[in-house]
Amino acid sequence: MVKVLKVNPIRPEAERIALAARVLKSGGTVAFPTETVYGLGANCFSDSACSKIFAAKGRQPDNPLIVHLSTIKELPMVAREVPTSLEELLKRLWPGPLSVVLPKRDEVSQVASAGLPTVAVRVPAHPVALALIREAGVPVAAPSANTSTRPSPTRASHVIDDLGAKIDIVLDGGEAFFGIESTVIRPSGSGVEVLRPGPFTLDELRKHFGTTIVAESNHPSGAPPSPGMKYLHYSPKKPLVLAGSVECIKALNAELTKRGLISEAICTSDQVQGLAGPTRLLGSGKDIYEVAKNLYSAIRDFDQGSSDIGIISAFPEEGIGFAIMNRIRRACGDRIAEHPDQVKKLCDLLDSSRRGSL
Ligand code: AMP
Ligand code: MG
């Protein structure tokens, strides 16, 4: 069973960090908080250590890991041919929730990079993550510390629920700050391509990198630009549907109740008035960062609760809202009612997939 070590998120205790770092150095796995979500780390130079991450998560071997550094000075240990102008920019933007795909050095495990000639790299802005990587003395490959396909963990308890029997240590530093995984970009032409939206927003990317294109998962060439795009992600086990407005939530709830199903609205305190049935709050609609922080734990709690179907509300796709909607859309798949007149059709779809799984 995993060893859980509580750490102060701002001033982590040196002896606890040292213990976890020893485990990393000797080829083990350590889950730790970052400013985005909890990561599951291993020595990025060791094939066998990185394989343990894939085994614990049940992650597809062609889905590469992000390598975490404690300072930009470590960048030459993992990446080649970084243009000086890009390095100067990253000196200003790191630590932060921005991962950059760069040509990889041979020393980085092929297991971590899933056989690609590139590696995604970032310096996380979290005292526990930085102290751990610094003390381990090696860059740390770390995907989100959840079972593959499930919502990412924003608390140590989520990591323990998913991976408790499969990893060595969890550093419990409380809640992750943003609650949404890092933005992933790669240099493209005179600007960047966004492989995964995140807390580092499109506006910030445009400001610093110029032309910013959001990659489409259904790429015309057939192969998605980032392997992670093709896999189911962020999903609860129970069906979750996306409602385009409060009217849609109400119409869905009424229709599902008619069909004998208990639905639960996952929404903000501004939207909850007048809704029938159980509700689960994401915070105030006035603070979109609160919504980001609560999103995955709300989806996990819904999954463990007693309702049959979750109805999650849509958010304006601005700032971090763009990343929130990217995750919600992937969690809901094609189960969407943008307008109340689409509700009946969606409920028929839910009925037929329920019958299929009976
Ligand atoms: P996770 O580690 O769970 O946060 O997921 C990392 C994401 O970054 C996945 O969607 C990966 O497919 C993507 N990624 C990591 N390395 C690369 C790379 N070298 N090229 C393109 N995408 C990458
Ligand atoms: Mg992940």
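Scroll up a little and you will see the structure.
Residues numbered from 1 in each chain as written. Chains lettered and ligands numbered in written order. Predicted model: local features only at pLDDT ≥ 70, side-chain atom pairs only at ≥ 80, totals over all residues. Heavy atoms only, no water.

Section: the site of ligand 1
For step 1, the next point in the chain: Around ligand 1 sit 17 residues in total, of which Asn63, Thr118, Arg196, Ser226 and Gly228 are the nearest.
For step 2, the next point in the chain: Arg59 is positioned with one of its side-chain polar atoms (N or O) 3.1 Å from an oxygen atom of ligand 1.
For step 3, the next point in the chain: Separating a nitrogen atom of ligand 1 from a side-chain N or O atom of Thr118 is a distance of 3.0 Å.
For step 4, the next point in the chain: When the free accessible area of ligand 1 is taken as 500 Å², the share hidden by the protein chains comes to 94%.
For step 5, the next point in the chain: At the level of secondary structure, the elements contributing two or more residues to the shell around ligand 1 comprise β6 (118–122) and β10 (191–196).
For step 6, the next point in the chain: In the shell around ligand 1, the residues fall into 10 nonpolar, five polar and two charged. (Near = heavy atom within 4 Å. Polar contact = N/O pair within 3.5 Å; in protein donor to acceptor, adjacent residues only side chain to side chain. Areas by Shrake-Rupley, 256 points an atom, 1.4 Å probe, with all protein chains shown as cover. Helix = DSSP H or I, 4+ residues; strand = E, 2+ residues; numbered from the N terminus. Nonpolar A, V, L, I, M, F, W, Y, C, P; charged D, E, K, R; others polar.)

Notes on the pairing of β10
For step 1, the next point in the chain: Burial of β10 is extensive: five of the six residues sit out of reach of the surface.
For step 2, the next point in the chain: Bridge count for strand β9 (residues 183–188) against β10 is five bridges, and the pairing is antiparallel. Across the sheet, residue Ser188 finds its bridge partner in β10, namely Gly191.
For step 3, the next point in the chain: Hairpin connection from β9 to β10: two residues lie between these consecutive antiparallel strands, with Gly189 at a positive phi of about 55°.
For step 4, the next point in the chain: Sheet analysis places β10 next to strand β11 (residues 212–214), joined by three bridges and oriented parallel. Counterpart to Glu193 in the pairing with β11 is Ile213.
For step 5, the next point in the chain: Taking the sense of rotation as the criterion, the β-α-β connection linking β10, helix α7 (residues 202–209) and β11 turns out right-handed. (Buried < 20%, exposed > 50% of the residue type's maximum accessible area, 1.4 Å probe, protein only. Pairing = 2+ DSSP bridges. Right-handed = clockwise from strand over helix to strand, strands pointing away.)

Considering the nonpolar core
Nonpolar side chains tend toward joint burial in soluble globular proteins.
For step 1, the next point in the chain: By size, the foremost hydrophobic cluster in this structure holds 47 residues, and its most contacted members are Leu75, Val78, Trp94, Leu98, Ile167 and Phe209.
For step 2, the next point in the chain: Ranked by the residues each element gives to this core, the list is headed by helix α2 (residues 47–57), at five residues.
For step 3, the next point in the chain: In contact with Phe209, other than residues within four places in its own chain, are Leu86, Leu89, Leu93, Leu98, Ile185, Ser190, Gly191 and Val192.
For step 4, the next point in the chain: In this structure, Ile180, Val291, Ile299 and Ile320 belong to the second largest nonpolar core, which totals 23 residues. (Core = buried A, V, L, I, M, F, W, Y, C linked by side-chain atoms within 4.5 Å. Contact = heavy atoms within 4.5 Å.)

So, the environment of Ala112
For step 1, the next point in the chain: Within the secondary structure, Ala112 is located in the loop between β5 (98–103) and β6.
For step 2, the next point in the chain: With relative accessibility at 1%, the residue Ala112 sits in the buried group.
For step 3, the next point in the chain: Along the primary structure Ala112 and Ala42 are separated by 70 residues, whereas in three dimensions their C-alpha atoms are 9.4 Å apart.
For step 4, the next point in the chain: Aside from chain neighbours lying at most four places away, what touches Ala112 is Cys50, Pro64, Leu65 and Ala141.

Regarding the sheet that holds strand β8 (residues 169–172)
The pairing of strands in a sheet happens through backbone hydrogen bonds and is either parallel or antiparallel.
For step 1, the next point in the chain: Overall, mixed pairing links the 11 strands, which are arranged β1-β8-β2-β3-β7-β4-β6-β5-β9-β10-β11 in an open sheet. Of all strands in the sheet, those with a lone pairing partner are β1 (3–6) and β11, marking the two edges.
For step 2, the next point in the chain: Pairing of strand β4 (residues 66–68) with β6, which is carried by three bridges, proceeds in the parallel orientation. The partner of His68 across the bridge, within β6, is Arg122.
For step 3, the next point in the chain: Sitting on the sheet, α2 is in contact with β3 (38–43) and β7 (140–141), with an inclination near 145° to β3.
For step 4, the next point in the chain: The strands touched by helix α6 (residues 156–163) are β1, β2 (30–33), β3 and β8; relative to β8, the strand with the most contacts, the crossing angle is about 160°. (Axes fitted to C-alpha atoms, helices over the stretch in contact; angles between N-to-C directions.)

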